[in-house]
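Chain by chain, the residues:
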Amino acid sequence: MNSARDPRIAIVGAGLGGLVCARVLQQHGRSVTVFEREASADARPQGGSLDMHAETGQAALRSAGLLDRFHALARPEGDEWRVLDFATAGLQAHQGPSAAGGRPEIDRGQLRGLLLDSITEGTVRWDRAVSGVTPRTDGTCRLLFGDGTAEDFDLVVGADGAWSRVRPALSHAAPGYTGVTFVETGFDHCDTRHPALARLVGNGSMLVKGAGRSLVAQRNSNGHIRAYIALRAPEDWHVAAGIDLGDQQALRTHLLRMFDGWDEGLRYILRNGDNEFINRSLFVLPAPHTWEHVPGVTLLGDAAHLMPPVGLGANLAMLDGSDLAHALVTESSLGDAVRAYEGIMLPRSIEAATGSAQGLDHLVPVTAS
């Protein structure tokens, strides 16, 4: 990009997609600032295990020069799925890891740490919550912060997730509830403290399906199993049930009733978690979600195409970040770069949204299979 000066680029959100974008830009000698509302890199847990797809997440890591570092941390054996019968816990289907290790798993926190370590110190400005953006008539964009201050940039990239503060500059779309809620729990030192569950889960992930409810469990690193009780229910299901989500015992008792008739080895997930239950309602953006190009601002990842957590979102966010960065360093102007990127990303996200919706239906079927 030929310019009298480097463009001022701001990325809002230090998630996977935003960090890939920053890394690739810095590889090409471009300056960039990332604004993150969290106070530090370890302000909160980063979530579970991710499978990195060769054509998306791994492609982004390759373009960022980080694929070898990723493979040093990844778990190829984690690319395994076990589907069990809800009444007997018998094995119904098994998909082992591919010989080539096509979709190795990695903890989200480990992947984020790898990306943070790869960018120049000071790139991320922590504890800088963004309240909104205002596109300006000269093609720049004003970034508004929660403390009342503001800064102007030539390009603001909204990489700030489901409830993006940047999105309203481009779109009136808002996330809607999918009808599915995950109730999360976890098990520590599973091979020694929870060996029967560890055997059911295997080296990767376990899925058990019933009518409108499922159990999903996945291996993470360091002997941890993260488990999700997946329910097709109204968003306020706990209110209708008279359950205070802060009352762990009442929640446990209610969930056990919901899974009455399931194998007791599977109900162990409901009885014996080491971590408290966390209610996570799943939201998605309308599909297709598109917008007319606005100078000075664009979106990537969940801010652009929020989908159910079925293995696509993180991969697409990272590919978005890589594609945007490469467009910014190869196109002749910021406007051309953003148009080129959006011309690739938006059609890709529309196709992926269909696949992810089908994936959620497979994960939590309406009726018993």
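Everything discussed here concerns the structure shown above.
From a predicted model like this one, the values you see are computed outputs, not experimental measurements.

With respect to unusual backbone geometry
Residues Ala-287 and Pro-288 are joined by a peptide bond in cis, for which omega reads 0°. Structurally, Pro-288 is set in the loop between β16 (278-284) and β17 (297-299). Even without a glycine there, the phi angle at His-189 is positive, about 50°. The phi torsion at Asn-222 lies on the positive side, around 60°, for a residue other than glycine. Turning to its location among the elements, Asn-222 is positioned in the loop between β14 (213-219) and β15 (225-232).

Regarding the side chain of Gln-46
In this structure, Gln-46 sits in the loop between β2 (33-35) and β3 (49-51). Gln-46 gets classed as buried once you look at its relative accessible area, which sits at 17%. Side-chain polar atoms of Gln-46 contact the backbone oxygen of Arg-44, separated by 3.3 Å. Leaving out residues up to four positions away in the same chain, Gln-46 has contacts with Glu-38, Ala-41, Arg-108, Gly-109 and Arg-112.

What to know about helix α11 (residues 313-330)
An ideal rise of 1.5 Å per residue puts 26 Å on 18 residues; α11 measures up with 26 Å between its terminal C-alpha atoms. The element α11 is largely enclosed, with a buried count of 16 among its 18 residues.

Section: the packing of aromatic side chains
Considering all chains together, one arrives at eight aromatic pairs under this definition. Relative to Phe-283, the ring of Trp-163 has its centre 5.2 Å away and its plane inclined at 70°; by these criteria the two rings are edge-to-face. With Trp-163 in the loop between β11 (155-158) and β12 (176-187) and Phe-283 in strand β16, this pair connects stretches of sequence that are 120 residues apart. Here the aromatic rings of Phe-259 and Trp-262 are separated by 4.7 Å at their centres, their planes lie at 75°, and the arrangement is edge-to-face. Judged by relative accessible area, Phe-259 falls into the buried class, the value being 0%. An aromatic cluster is built from Phe-35, Phe-145 and Phe-153, whose rings are joined through pairwise contacts. Its guanidinium or amino end placed over the ring of Phe-145, Arg-128 lies 3.9 Å from that ring's centre, counting from NZ or CZ.

Some details on the environment of Glu-105
Its location among the elements puts Glu-105 in strand β6 (residues 105-107). Judged by its relative accessible area of 8%, Glu-105 falls in the buried class. The spacing of Glu-105 and Ser-221 is 116 residues in sequence and 9.4 Å in space, taken between C-alpha atoms. Residue contacts for Glu-105: discarding those within four places in its chain leaves Ser-49, Leu-50, Asp-51, Ala-74, Arg-75, Gly-78 and Asp-79. Here the side chain of Glu-105 touches Ser-49 through a polar contact of 2.5 Å, side chain to side chain.

Overview of the pattern of salt bridges
On inspection of all chains with the given rule, the structure shows 18 salt bridges. One network of salt bridges, with partners in common, ties together Arg-125, Arg-128, Asp-147 and Glu-151.

Details of the layout of surface pockets
By volume, the second largest pocket is sized at about 220 Å³. The wall of the second largest pocket is formed by 20 residues, among which Val-284, Leu-285, Ala-287, Pro-308 and Ala-353 lie closest to the centre. Of all the secondary-structure elements, those providing two or more residues to the lining of the second largest pocket are α10 (302-305) and α12 (334-363). Examining the composition of the lining of the second largest pocket, we find that seven residues originate from one element, α12, more than from any other. Its residues placed into classes, the lining of the second largest pocket shows 13 nonpolar, five polar and two charged.

Calculation criteria
In this convention, every chain numbers its residues from 1, walking through the sequence in written order. With the structure being a predicted model, the display of local features is reserved for residues of pLDDT at least 70 and the display and counting of side-chain atom pairs for 80 or more, all residues being used for whole-chain, interface and lining totals. The basis for every side-chain value is the complete set of non-hydrogen atoms in the structure, without hydrogens or water. Going along the chain from the N terminus, every DSSP run of H or I of four or more residues is numbered as a helix, and every run of E of two or more is numbered as a strand. Only protein chains enter the accessibility calculation, which uses a 1.4 Å probe; a residue whose area is less than 20% of its type maximum is buried, one above 50% is exposed, and one in between is partly exposed. Two N or O atoms count as a polar contact when they lie within 3.5 Å, although within protein this holds only if one can serve as hydrogen donor and the other as acceptor, and sequence-adjacent residues are included solely when both atoms are side-chain atoms. Should any heavy atoms of two residues lie within 4.5 Å, those residues are considered in contact. Take the residue count of a helix, subtract one, and multiply by 1.5 Å to get its expected span. Side-chain rings of Phe, Tyr and Trp (the six-membered ring for Trp) are treated as a pair once their centres are within 6.5 Å; stacked means planes under 30 degrees apart, edge-to-face means over 60, and tilted covers the remaining angles. The rule is short: NZ of Lys or CZ of Arg within 6 Å of the ring centre and within 35 degrees of the ring normal puts a charge over the ring. By definition here, a salt bridge exists when the distance from a side-chain nitrogen of Lys or Arg to a carboxyl oxygen of Asp or Glu is within 4 Å. In this analysis, the protein atoms alone were mapped onto a 1 Å grid. Cavities are point sets where a 1.4 Å probe fits without being able to get out; pockets are open sets with protein on both sides within 12 Å along at least five of seven lines; lining residues have an atom within 4 Å of a point. Grid points are joined across faces, edges and corners, and a volume is the space filled by probe spheres set on the points. Under the convention adopted here, Pro, Cys and the residues Ala, Val, Leu, Ile, Met, Phe, Trp and Tyr are nonpolar, Asp, Glu, Lys and Arg are charged, and Gly plus all remaining residues are polar.

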